[in-house]
Amino acid sequence: MSAMVSMRVLADLDLCQGHQLCQGEAPDVFGFDEGADVVVVLEERPAESRRADVTQAVKYCPAFALSIEDGPIKEDPA
């Protein structure tokens, strides 16, 4: 059985400065916690069809707080 590979969106809350540019690029993936003034990852493993928008959000984050990690999806044992 081959493992599926998917992107995982990561946010470093220690680096996040609350610019919210990520929400403009992928509002279904990134939210915002106004109380903490940081990004919230709404969809940790978005569909592959969202990769271009998520990549743009990562690229344009002024605090370099976002990243994409590609790797296998761990399956639950049956």
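What you see is a predicted model; the values in this text were computed from it and never measured.

Visitor: So what about helix 2 (residues 51-60)? Which residues, and what values?
Guide: Residue pairs spaced three or four apart in an α-helix point in one direction, given the helix's 3.6 residues per turn. For helix 2, the full list of buried residues reads Val54, Ala57 and Val58. Along helix 2, the residues classed as buried sweep out an arc of 95° about the axis, all on the same side. Turned more than 90 degrees from where helix 2 packs its buried face, Ala52 and Lys59 sit exposed.

Visitor: How would you explain the pairing of strand 2 (residues 30-33) if you had to name every residue and give the values?
Guide: Walk down a regular strand and you will see the side chains alternate between the two sheet faces. The pairing of strand 2 with strand 3 (residues 38-41) spans four bridges and is classified as antiparallel. Along strand 3, the bridge assignment pairs glycine 31 with valine 40. Hairpin remark: strand 2 followed by strand 3, antiparallel, with four residues in the connecting loop; positive phi at aspartate 37, about 60°.

Visitor: An account of the nonpolar core is needed here, citing residue identities and associated values.
Guide: Ranked by internal contacts, the top residues of the largest apolar core, which has 16 residues, are Cys22, Val29, Phe30, Val39, Val54 and Leu66. Of all the secondary-structure elements, those providing two or more residues to this core are strand 1 (5-11), strand 3 and helix 2. At three residues, helix 2 tops the list of elements feeding residues into this core. Aside from chain neighbours lying at most four places away, what touches cysteine 22 is Pro27, Phe30, Val39, Ala57 and Leu66.

Visitor: Describe the environment of aspartate 12, with residues and values.
Guide: With respect to the element layout, aspartate 12 can be found in the loop between strand 1 and helix 1 (21-25). Expressed as a C-alpha distance, the spacing of aspartate 12 and alanine 65, which sit 53 residues apart in the sequence, is 4.9 Å.

Visitor: Lay out the pattern of salt bridges with the relevant residues and their values.
Guide: If you walk through the whole model with that rule in mind, you get six salt bridges. Measuring nitrogen to oxygen at the nearest pair gives 2.5 Å for the salt bridge that ties arginine 51 to glutamate 48. The class for glutamate 48 is partly exposed, based on a relative accessible area of 49%.

Visitor: Lay out the side chain of serine 6 in plain terms, naming residues and giving numbers.
Guide: Relative to the assigned elements, serine 6 resides in strand 1. Here the side chain of serine 6 touches arginine 45 through a polar contact of 3.3 Å, side chain to side chain.

Visitor: Which residues make up the environment of valine 54, and what are the values?
Guide: Mapped onto the elements, valine 54 comes out in helix 2. For the pair formed by valine 54 and serine 67, sequence separation is 13 residues and the distance between their alpha carbons is 9.1 Å.

Visitor: Go over the side chain of arginine 50, please, and point to the residues and values.
Guide: Topologically, arginine 50 is positioned in the loop between strand 3 and helix 2. Within the structure, arginine 50 has its side chain in polar contact with the side chain of aspartate 53 (distance 2.4 Å). In this structure arginine 50 touches Met7, Glu25, Ala26 and Asp28, once residues within four positions along its chain are discounted.

Reading guide: rules and limits
- Residues numbered from 1 in each chain as written.
- Predicted model: local features only at pLDDT ≥ 70, side-chain atom pairs only at ≥ 80, totals over all residues.
- Heavy atoms only, no water.
- Buried < 20%, exposed > 50% of the residue type's maximum accessible area, 1.4 Å probe, protein only.
- Helix = DSSP H or I, 4+ residues; strand = E, 2+ residues; numbered from the N terminus.
- Arc of directions from axis to C-beta.
- Pairing = 2+ DSSP bridges.
- Core = buried A, V, L, I, M, F, W, Y, C linked by side-chain atoms within 4.5 Å.
- Contact = heavy atoms within 4.5 Å.
- Salt bridge = Lys/Arg side-chain N within 4 Å of Asp/Glu carboxyl O.
- Polar contact = N/O pair within 3.5 Å; in protein donor to acceptor, adjacent residues only side chain to side chain.

These values are about where atoms sit, not about what they do.
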